[in-house]
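Structural description and commentary
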Amino acid sequence: MNKATDTTNGGLKVVPSQNLLGADIYGVNLKLPLSSEDKQFIEKAWADNLVLRFRGQENVTPQELTQFSNALGDLDKRPVRGTVNGGYNDLPLEINVISNIIGDDGKPIGGLGSYEADWHTDMSYVDIPPKGCVLYSVEIPPTGGNTSFVNMYEAYNRLSDKTKQKIANLKCIHDASKNSTGELRQGFTEVTDPRNAVGASHPLVRIHPVTQQKCLFLGRRKNAYIVGLPLNESEELLDELWAASTDPELKWTQVWQLGDAILWDNRCTMHQRDSFDASSRRLMYRTQIRGELVMG
Ligand code: SIN
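Residues numbered from 1 in each chain as written. Predicted model: local features only at pLDDT ≥ 70, side-chain atom pairs only at ≥ 80, totals over all residues. Heavy atoms only, no water.

Some remarks on the pairing of strand β16 (residues 261-265)
Within β16, 5 of the 5 residues are buried, which leaves the element mostly enclosed by the surrounding structure. Alternating residues of β16 divide into A261, L263 and D265 and I262 and W264, and every residue in both groups is buried. Of the strand pairs in this sheet, strand β4 (residues 51-54) and β16 are connected by 4 bridges, and their pairing is antiparallel. Note that in β16 the partner of R53 across the bridge is I262. (Buried < 20%, exposed > 50% of the residue type's maximum accessible area, 1.4 Å probe, protein only. Helix = DSSP H or I, 4+ residues; strand = E, 2+ residues; numbered from the N terminus. Pairing = 2+ DSSP bridges.)

Structural data, given as structure tokens:
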């Protein structure tokens, strides 16, 4: 995938990072409705750069964040059995809270705590995973809690021809039982054999519906299983694909500043979050843009 160079459109400007994905976009105010021209410009920049960062977006309300995200597609609602508590449950249903803060009711106000979140694709364990997410920083810790992304087009392109041929028509089961910090989700039992994991099964090689390019589509490493292979062969091939995908050369890291919002494409990137000091506060609002069936 070629990275775009700096581009401008009226008041908007895209400045790609030095890495294989990620770009800053200037001239957008998340508090205001998007014109159709600006929307088109953002969509093109998003397809070219996979992750966009909007810096200096101060005091964006949950309603404004919802309105901005909604301009890019229909939004998923947070799960009914969600993890939003402590006064934050009045937020629009399209807003999910990612936080380690404990509310007045003694419960975490959001999900993921202060732990490290392993490399993953959001909700790839469902048949129609989200196409992307917007994550907005409301409170951030002095250090840590950074979010990294990898370019899954490049992960695919760099595989040997032999591996590309091997995985061309294979599907993988994306286990639903654990979240990205490794916690067992409510209602699931511990998986002892990945062949019995419960979750959607998707092609390992995905055609991106916008760019029509091939990318590797992986969800979470734990309990993944390649359908039809003996378990040891599935494990070996998955290890090879995960090592290729999480190569530091494919990575761009978002070091958070207050007022940053990032928009990522969940179809052609994976992400991971560092841990941070549990005694500091981190509060992020997240929206999730509805996706489409995964086409191989
Ligand atoms: C996530 O994995 O969706 C959360 C990322 C973050 O907290 O930075």
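Still more to cover.
Some points on the site of the ligand
Around the ligand sit I98, L112, H120, D122, L135, T147, H271, R273, R282 and R286, and that is every residue in its neighbourhood. Between an oxygen atom of the ligand and a side-chain N or O atom of H120, the distance comes to 3.1 Å. Within the side chain of T147, one N or O atom sits 2.6 Å away from an oxygen atom of the ligand. The fraction of the free accessible surface of the ligand (260 Å²) that becomes covered by protein chains is 99%. (Near = heavy atom within 4 Å. Polar contact = N/O pair within 3.5 Å; in protein donor to acceptor, adjacent residues only side chain to side chain. Areas by Shrake-Rupley, 256 points an atom, 1.4 Å probe, with all protein chains shown as cover.)

Quick look at the pattern of salt bridges
A side chain with one charge may pair with a side chain of the opposite charge, provided their charged atoms come close. As enumerated under the stated definition, the model contains 18 salt bridges in all. D260 is the partner of R55 in a salt bridge, and the nearest nitrogen-oxygen pair spans 2.8 Å. Of the two residues, R55 sits in the loop between β4 and α2 (62-70) while D260 sits in the loop between β15 (251-254) and β16, which places them 205 residues apart along the sequence. The class for D260 is buried, based on a relative accessible area of 0%. The residue E235 makes a salt bridge to R221 at a minimum N-O spacing of 2.8 Å. (Salt bridge = Lys/Arg side-chain N within 4 Å of Asp/Glu carboxyl O.)

Quick look at helix α1 (residues 36-49)
In this model, α1 (14 residues) spans 20 Å end to end at C-alpha, consistent with the 20 Å of a helix rising 1.5 Å per residue. Taken as a whole, α1 has its buried residues at F41, I42, A45, W46, A47, D48 and N49. (Expected span 1.5 Å × (residues − 1).)

Things to note about the packing of aromatic side chains
All chains considered together, the criterion is met by 3 aromatic pairs. Between the aromatic rings of F54 and F68, the centroid separation amounts to 5.4 Å while the plane-to-plane angle is 75 degrees, which identifies the pairing as edge-to-face. Within this pair, whereas F54 is found in strand β4, its partner F68 is found in helix α2, the two being separated by 14 residues in sequence. Judged by relative accessible area, which is 2%, F68 ranks as buried. The rings of F149, W252 and W264 are connected pair by pair, giving a single aromatic cluster. Over the ring of Y156 we find K164, and its NZ or CZ is 5.2 Å from the ring centre. Directly above the aromatic system of F217 lies the positively charged group of R206, at a separation of 4.8 Å from the ring centroid. (Phe/Tyr/Trp six-rings, centres within 6.5 Å; stacked < 30°, edge-to-face > 60°. Lys NZ or Arg CZ within 6 Å of the ring centre and 35° of its normal.)

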